[in-house]
Amino acid sequence: MRYRKAHYGRADYAPKTYCIPEDAMKDGLMLLITGLLCVGGAALFFRFFGSDAMSIIMLLALVGATVDNLRLRRRLREMGAKPEGKRTWL
């Protein structure tokens, strides 16, 4: 791992030297770029859908929870677990 020296400190005393890994700087830059892309995508999403954006988000959350629930029920059935209680649907 290569290191780059960075100097921090005030002018009234000798600056301290810390070693910062170059990989950490690249990771921080990639994280910043990813954050900016997410902000841009969210702004475009809300600009495009307007007042319907929250309804779409809620619909996606509901569909995701339902699909996950069905997947977990199928997995429990494959493992031999029997549901307790009264099933009202499915």
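The paragraphs below set out a description of the structure included in this document. (Residues numbered from 1 in each chain as written. Predicted model: local features only at pLDDT ≥ 70, side-chain atom pairs only at ≥ 80, totals over all residues. Heavy atoms only, no water.)

## A word on the pattern of salt bridges
Part 1 of the argument: Scanning the model with the defined rule gives 1 salt bridge in all.
Part 2 of the argument: With a shortest N-O distance of 2.7 Å, Arg 71 and Asp 68 are connected by a salt bridge. Here Arg 71 pairs with Asp 68, and both are found in helix α2 (residues 53–79), just 3 residues apart, close to one helical turn. (Salt bridge = Lys/Arg side-chain N within 4 Å of Asp/Glu carboxyl O. Helix = DSSP H or I, 4+ residues; strand = E, 2+ residues; numbered from the N terminus.)

## Thoughts on a nonpolar patch on the surface
Part 1 of the argument: On the surface, a cluster of nonpolar side chains totalling about 630 Å² of accessible area is made up of Leu 29, Met 30, Leu 32, Ile 33, Leu 36 and Leu 37.
Part 2 of the argument: Along the chain, the position of Ile 33 falls in helix α1 (residues 22–49).
Part 3 of the argument: Judged by its relative accessible area of 38%, Ile 33 is partly exposed. (Patch = residues over 30% accessible without salt bridge, like charges linked within 9 Å, V, L, I, M, F, W, Y side chains within 5 Å. Areas by Shrake-Rupley, 256 points an atom, 1.4 Å probe, with all protein chains shown as cover. Buried < 20%, exposed > 50% of the residue type's maximum accessible area, 1.4 Å probe, protein only.)

## Regarding the packing of α1 against α2
Part 1 of the argument: Direction vectors running N to C along α1 and α2 enclose 115 degrees, while the axes themselves pass 8 Å from each other. Between α1 and α2, the angle falls in the class roughly perpendicular. On α2, the residues touching Phe 45, Phe 46 and Phe 49 of α1 are Ala 53, Met 54, Ile 56 and Ile 57.
Part 2 of the argument: Residue composition of the contact of α1 with α2, by class: 7 nonpolar, no polar and no charged. (Axes fitted to C-alpha atoms, helices over the stretch in contact; angles between N-to-C directions. Parallel < 35°, antiparallel > 145°, perpendicular 65-115°, else oblique. Contact = heavy atoms within 4.5 Å. Nonpolar A, V, L, I, M, F, W, Y, C, P; charged D, E, K, R; others polar.)

## Overview of α1
An α-helix turns once per 3.6 residues; consequently, residues spaced three or four apart project the same way.
Part 1 of the argument: With 28 residues, α1 extends 41 Å between its outermost C-alpha atoms, agreeing within 8% with the 40 Å of an ideal straight helix rising 1.5 Å per residue.
Part 2 of the argument: Backbone geometry just downstream of α1 places Gly 50 in the positive-phi region, at approximately 60 degrees. (Expected span 1.5 Å × (residues − 1).)

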